[in-house]
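Next come the chains, spelled out residue by residue.
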Amino acid sequence: MAVKKAGNRGKEAAGRLPEAALHFLEYYYPIHYKAGIGVEDALRGGQLSRHQVAMLWLIHSEGTNGREMNRKAIERSLETWFEISGAAITKALRAMAQPPLELVRLVEDPKSGREKIVLLTPKGEAHMKKMIAGGEAYVQRIIDHMSDEEIERGLHFFKRVSEIVEMLR
């Protein structure tokens, strides 16, 4: 019943706001590509590739205790976001495991000798904190131009979009 209600609510909203989907789509480009790339660049800190940042963020946001994640889980997520091969993922992880970065360690999964677990090193954890601070500073520069109400509405919007996207998966 709730699904039907949500579906009806969507039709009602579309009726109230003609061409709403088109307007959202038109704003998607500047948000995703312009603002999103600005956030990525702030997170990269001039050291990492976009793929490496995505790997670290996955470990931070979806990994066990924000510190470790199965390599295959990283691969599955990245393959849906980027056109990237398993070999390229392995290469990027190995680069982050070796000097001078040494942000992660690759250890054998106790459940499978063929699979690896990616663990943040203490240096990797410190890097994540620095990376998040850089991203936060970039976003702060954007929200400095917003009222408290706009910030609250924006946070609500992003939260709802995230919930709906997860539901649609």
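Cut-off values and rules
Residues numbered from 1 in each chain as written. Predicted model: local features only at pLDDT ≥ 70, side-chain atom pairs only at ≥ 80, totals over all residues. Heavy atoms only, no water. Helix = DSSP H or I, 4+ residues; strand = E, 2+ residues; numbered from the N terminus. Buried < 20%, exposed > 50% of the residue type's maximum accessible area, 1.4 Å probe, protein only. Areas by Shrake-Rupley, 256 points an atom, 1.4 Å probe, with all protein chains shown as cover. Lys, Arg positive; Asp, Glu negative; His and termini not counted. Charge placed at Lys NZ, Arg CZ, Asp CG, Glu CD. Pairing = 2+ DSSP bridges. Salt bridge = Lys/Arg side-chain N within 4 Å of Asp/Glu carboxyl O. Axes fitted to C-alpha atoms, helices over the stretch in contact; angles between N-to-C directions. Parallel < 35°, antiparallel > 145°, perpendicular 65-115°, else oblique. Contact = heavy atoms within 4.5 Å. Nonpolar A, V, L, I, M, F, W, Y, C, P; charged D, E, K, R; others polar. Patch = residues over 30% accessible without salt bridge, like charges linked within 9 Å, V, L, I, M, F, W, Y side chains within 5 Å. Core = buried A, V, L, I, M, F, W, Y, C linked by side-chain atoms within 4.5 Å. Phe/Tyr/Trp six-rings, centres within 6.5 Å; stacked < 30°, edge-to-face > 60°.

**Student:** When you look at the overall build of the protein chain in this model, what are you seeing that I'm missing?
**Tutor:** When its secondary structure is counted, the protein chain shows 7 helices and 3 strands. Listing each helix as α and each strand as β along the protein chain from the N terminus yields α-α-α-β-α-α-β-β-α-α. Principal axes of the C-alpha set define a box for the protein chain whose edges measure 55 × 40 × 25 Å. With 169 residues in all, the protein chain has 25% of them scored as buried. Summed over its atoms, the accessible surface of the protein chain is roughly 12,300 Å², and 58% of this surface lies on carbon and sulfur atoms. Taking the 26 positively charged and 23 negatively charged side chains of the protein chain as two groups, their mean positions are separated by 5 Å.

**Student:** Can you help me understand the pairing of strand β3 (residues 112-120) in this one?
**Tutor:** Relative to β3, strand β1 (residues 68-70) is paired through 3 bridges, and the arrangement is antiparallel. Looking at the pairing, E68 lines up with L119 of β3. Taken together, strand β2 (residues 104-109) and the strand that follows it, β3, pair antiparallel across an intervening segment of 2 residues.

**Student:** Help me understand the pattern of salt bridges, please; the structure alone is not making it clear to me.
**Tutor:** Close approach of charged atoms allows side chains of opposite charge to pair. Evaluated as defined, the whole model comprises 10 salt bridges. The residue E149 makes a salt bridge to R153 at a minimum N-O spacing of 2.7 Å. Placement of the pair is E149 and R153 together in helix α7 (residues 148-168), with a separation of 4 residues, close to one helical turn. You can call E149 partly exposed: its relative accessible area is 45%. Given a relative accessible area of 58%, R153 falls into the exposed group. In the salt-bridge network here, residues are joined through shared partners; they are E40, D41, R44 and R50.

**Student:** Please clarify how the packing of helix α3 (residues 50-62) against helix α6 (residues 122-143) should be interpreted in this entry.
**Tutor:** For any two helices packed against each other, the geometry is given by the interaxial angle and the distance between the axes. With their axes 11 Å apart at the nearest point, α3 and α6 run at an angle of 105 degrees to one another. For the element pair α3 / α6, the angle class is roughly perpendicular. Counted together, V53, L56, W57 and H60 of α3 and H127, M128, M131 and I132 of α6 form the full contact between these two elements. Within the contact of α3 with α6, the residues separate by chemical class into 6 nonpolar, 2 polar and no charged.

**Student:** Any chance you could explain the environment of H60 here in plain terms?
**Tutor:** Within the fold, H60 resides in helix α3. Overall, the relative accessible area of 32% leaves H60 in the partly exposed class. Contact partners of H60, with chain neighbours within four places excluded, come to G66, M128 and I132.

**Student:** Looking at this structure, I do not really get a nonpolar patch on the surface. What am I missing?
**Tutor:** A cluster of nonpolar side chains, F24, Y27, I31, F157, F158, V161 and V165, forms an exposed patch at the surface whose accessible area comes to about 700 Å². Among the elements that take part in the nonpolar patch, α7 stands out by supplying 4 residues, more than any other. Structurally, I31 is set in helix α2 (residues 20-44). On the accessibility criterion, I31 (45% relative accessible area) is partly exposed.

**Student:** Please clarify how the nonpolar core should be interpreted in this entry.
**Tutor:** Soluble globular proteins tend to bury their nonpolar side chains together. In this structure, M55, L56, I74, L78 and M96 are the most contacted members of the largest nonpolar core, which totals 24 residues. Where this core is concerned, the elements lending two or more residues are α3, α4 (71-81), α5 (86-97), β3 and α6. By residue number, the principal contributor to this core is α3, which donates 6 residues. Setting aside residues up to four positions removed in sequence, L78 forms contacts with H51, A54, M55, L58, I84 and I89.

**Student:** For this particular structure, what's the right way to read the packing of aromatic side chains?
**Tutor:** How two aromatic rings sit relative to each other is set out by the distance from centre to centre and by the angle between their planes. Taken as a whole and assessed by the stated rule, the structure comprises 3 aromatic pairs. Considering the side-chain rings of F24 and F157, the 5.6 Å spacing of their centres and the 10 degrees angle between planes classify their relative orientation as stacked. Of this pair, F24 sits in helix α2 while F157 sits in helix α7, and the two are 133 residues apart along the sequence. Taking the relative accessible area as the measure of exposure, F157 reaches 35% and is therefore partly exposed.

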